Amino acid sequence: TLSLHDALPIWLHAFMRAYGEESALVVVNFHGEPQTVEVAIPPHAFEVLSLSSEVAHVTQWPVDGETFVRLLPDQPYQIEVPAYGVTVHLFSSDRK
């Protein structure tokens, strides 16, 4: 499990951003092989980004797909990232 505040392997980069009512978790893979990444979102990110630990609506980009997940602080959240690619998960929030 990789934490957003721990050191990632040199071929992975993860960060979060927020704008309006959406927060984005971005994972970039600079490796030639697809990666399955488990990211733990730290508790302070929930506060800063107004994320809820309730069931969240998630839209994945670039793959068209929507799902519902329960986000919990410091709990592994699994993301598939293509070789030399990026995966963005957009979370709805109560941020105003």
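Definitions and limits used
Residues numbered from 1 in each chain as written. Predicted model: local features only at pLDDT ≥ 70, side-chain atom pairs only at ≥ 80, totals over all residues. Heavy atoms only, no water. Helix = DSSP H or I, 4+ residues; strand = E, 2+ residues; numbered from the N terminus. Contact = heavy atoms within 4.5 Å. Areas by Shrake-Rupley, 256 points an atom, 1.4 Å probe, with all protein chains shown as cover. pLDDT = per-residue confidence, 0-100. Pairing = 2+ DSSP bridges. Core = buried A, V, L, I, M, F, W, Y, C linked by side-chain atoms within 4.5 Å. Buried < 20%, exposed > 50% of the residue type's maximum accessible area, 1.4 Å probe, protein only. Polar contact = N/O pair within 3.5 Å; in protein donor to acceptor, adjacent residues only side chain to side chain. Patch = residues over 30% accessible without salt bridge, like charges linked within 9 Å, V, L, I, M, F, W, Y side chains within 5 Å. Salt bridge = Lys/Arg side-chain N within 4 Å of Asp/Glu carboxyl O.

*Asks:* Let's hear about the overall build of the protein: which residues, and what values?
*Replies:* Along the protein, the regular secondary structure elements total one helix and eight strands. Sequence-ordered secondary structure for the protein, helices as α and strands as β, is β-β-β-β-α-β-β-β-β. Taking as baseline every contact in the protein between residues at least 6 positions apart, the subset at least 24 positions apart corresponds to 64%. A total accessible area of about 5,800 Å² is found for the protein, and carbon and sulfur atoms account for 55% of it.

*Asks:* Lay out the confidence of the model for the protein in plain terms, naming residues and giving numbers.
*Replies:* On average, residues of the protein carry a pLDDT of 79, and 80% of them reach 70 or more. The element-level mean pLDDT for the protein is lowest in strand 1 (residues 2-3), coming to 51, with strand 3 (residues 22-29) highest at 89.

*Asks:* Give me the pairing of strand 2 (residues 12-19): which residues, what numbers.
*Replies:* As paired elements, strand 2 and strand 3 share eight bridges and run antiparallel to each other. Within the sheet, the bridge partner assigned to Arg 17 lies in strand 3 and is Ala 24. Between strand 2 and strand 3, which pair antiparallel and follow one another directly, the connecting turn spans two residues, one of which, Gly 20, has a positive phi of 60 degrees.

*Asks:* Tell me about the nonpolar core, and name the residues and values.
*Replies:* Core analysis: the biggest nonpolar cluster contains 18 residues, and Met 16, Leu 25, Val 27, Ile 41, Tyr 77 and Phe 91 have the highest contact counts within it. If you list the elements that add at least two residues to this core, you get strand 2, strand 3, strand 4 (35-40), helix 1 (43-48) and strand 7 (76-81).

*Asks:* Please provide a residue-by-residue account of the side chain of Gln 35, values included.
*Replies:* If you trace the backbone, Gln 35 turns up in strand 4. Residue class for Gln 35 comes out buried when judged on its relative accessible area of 17%. A distance of 3.2 Å separates a polar side-chain atom of Gln 35 from the backbone oxygen of Glu 33. Beyond its immediate chain neighbours, meaning those up to four positions away, Gln 35 contacts Trp 11, Leu 12, Asn 29, Ile 79, Glu 80 and Val 81.

*Asks:* Quick one: what's the story with a nonpolar patch on the surface, residue by residue and with numbers?
*Replies:* Together, Ile 10, Trp 11 and Phe 30 line one region of the surface with nonpolar side chains, adding up to about 380 Å² of accessible area. Inspection of the secondary structure puts Trp 11 in the loop between strand 1 and strand 2.

*Asks:* How would you explain unusual backbone geometry if you had to name every residue and give the values?
*Replies:* Positive phi, close to 60 degrees, is recorded for Asp 74, a residue that is not glycine. Among the secondary structure elements, Asp 74 is positioned in the loop between strand 6 (65-70) and strand 7. On the basis of relative accessible area, Asp 74 is assigned to the partly exposed category, the value being 38%. The backbone phi angle of Tyr 84 is positive, close to 50 degrees, even though this residue is not glycine. Tracing the backbone through its elements, the reader meets Tyr 84 in the loop between strand 7 and strand 8 (86-92).

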